[in-house]
Amino acid sequence: MEQQQPNGQGGMESLTVDELAARAGVTVRTIRFYSTRGLLPPPAIGPRRVGRYGPAHLSRLALIEELQNQGMTLAAIERYLRRLPEDTDPHDLAIHRAMVASWMPDTVDEAGREEMERRVGRELTGDDLERLTAMGVLESTGDPARFLVDPALLHLGVRLLDVPLSQKTIIAAREAMLEHARAAARELSRLFKDEVWEPYRAREADPDQVERMKSLSAHMQPMVVQALMTAFQRSLKEELRGAFSEERAPRSSAAGDGSGSGDGDGDEGEGVSP
């Protein structure tokens, strides 16, 4: 799935439903179906009553795809999305997607600059490619025109290109997050093994029941990801309030929130298997 270049939560929605479908790699019919289920927010209504979509819709579609890759049903995805904070913006959704994707088997794609530009919806300069390589999003190959791409990190890395931070700071932040994420994963894995898995295997002799337990543990992973994300968001807010107690937090604009009631092109609301 592809995402538009970042322009903020309240940015101008510029994609028609057909353009959104093409960018996200899904059908228009699927987008309409997701909209009727409440998985996507309504589009902004532009001239001639044409629905316009933006980064929030692209981010949601990307997250839905990752959750489906985890084997979650549409009903489970609905529950997952309903639990997200109401002020979750496209940047937060991109982080959710990256964390959910981290549970998937490691995959690396090979792509050239033009292909990556189509994926992310923006031009990538030589400096951009160098920064993405330094962040671990890309890896050089023997061919200077081709790169190994981490699809779980590509969109997040491209968003970081527009953040007013030095490359050194971004890399230091990445290393800090990886260090603590690995520590949390290590401790959670130990707890599951010592407190759940080993006692269960010791008392359960039926191989089928043991396999069921393994399957259940796999389906618990998205819930663990959400719990970690929620805890991190709350901790980060507390830390920021403490560090900038005398500063007024900036407020995001409510403009362009896509509060229109339709997409202006005859949504049939048909049921579709996504």
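Residues numbered from 1 in each chain as written. Predicted model: local features only at pLDDT ≥ 70, side-chain atom pairs only at ≥ 80, totals over all residues. Heavy atoms only, no water.

1. Comments concerning the confidence of the model for the protein
Residues at a pLDDT of 70 or more form 73% of the protein, whose mean pLDDT is 75. At the level of individual helices and strands, the protein shows its lowest average pLDDT in helix 5 (residues 90-101), which scores 65, and its highest in helix 2 (residues 28-36), which scores 91. Contacts from residues 1-11, a stretch scored under 50 in pLDDT, to residues over four places away or in other chains number 50 contacts. Of the regions scoring below 50 in pLDDT, residues 250-274 engages in 44 contacts with residues more than four places distant in sequence or in other chains. (pLDDT = per-residue confidence, 0-100. Helix = DSSP H or I, 4+ residues; strand = E, 2+ residues; numbered from the N terminus. Contact = heavy atoms within 4.5 Å.)

2. Concerning the pattern of salt bridges
One pass over the full model with this rule turns up seven salt bridges. Of the charged contacts, one joins E110 and R146 as a salt bridge, the two residues approaching to 3.5 Å between their closest N and O atoms. Taken together, the residues E110 in strand 3 (residues 109-112) and R146 in strand 5 (residues 146-149) connect sequence positions 36 residues apart. Residue classification places E110 among the partly exposed positions, given a relative accessible area of 44%. One salt-bridge network, held together by shared partners, links R37, E78 and R82. (Salt bridge = Lys/Arg side-chain N within 4 Å of Asp/Glu carboxyl O. Buried < 20%, exposed > 50% of the residue type's maximum accessible area, 1.4 Å probe, protein only.)

3. Observations regarding helix 1 (residues 17-24)
What helix 1 keeps buried is the set V17, L20, A21 and A24. End-on view of helix 1: buried residues confined to an arc of 100°, all on one side of the axis. For helix 1, exposure combined with an orientation more than 90 degrees from the buried face picks out D18 and A22. Two residues or fewer after helix 1 comes G25, characterised by a positive phi angle close to 80°. (Arc of directions from axis to C-beta.)

4. Describing the sheet that holds strand 5
Strand order in the open sheet formed by three strands is 3-5-4, with antiparallel pairing between adjacent strands. Since the sheet does not close on itself, it has two edges, and those belong to strand 3 and strand 4 (138-140), each with one partner. Averaged over all pairs of adjacent strands, the angle between their axes in this sheet comes to 40°, without regard to strand direction. Pairing analysis gives three bridges linking strand 4 to strand 5, with the strands arranged antiparallel. Bridge assignment links E139 to a residue of strand 5, and that residue is L148. On the sheet, helix 6 (residues 113-120) packs against strand 3, strand 4 and strand 5 and is oriented at approximately 100° with respect to strand 3. Its contacts with the sheet place helix 7 (residues 126-134) against strand 4 and strand 5, and it is angled at close to 100° to strand 4. (Pairing = 2+ DSSP bridges. Axes fitted to C-alpha atoms, helices over the stretch in contact; angles between N-to-C directions.)

5. Examining the packing of aromatic side chains
Under the counting rule described, the total for this entry stands at one aromatic pair. Between F33 and Y34, the aromatic rings sit 6.4 Å apart at their centres with planes inclined by 40°, giving tilted as the arrangement. Given a relative accessible area of 3%, Y34 falls into the buried group. (Phe/Tyr/Trp six-rings, centres within 6.5 Å; stacked < 30°, edge-to-face > 60°.)

6. Digging into the side chain of R122
Looking at the secondary structure, you find R122 in the loop between helix 6 and helix 7. Of the residues examined, R122 reaches a relative accessible area of 15% and is grouped as buried. Side-chain polar atoms of R122 contact the side chain of D162, separated by 2.8 Å. (Polar contact = N/O pair within 3.5 Å; in protein donor to acceptor, adjacent residues only side chain to side chain.)

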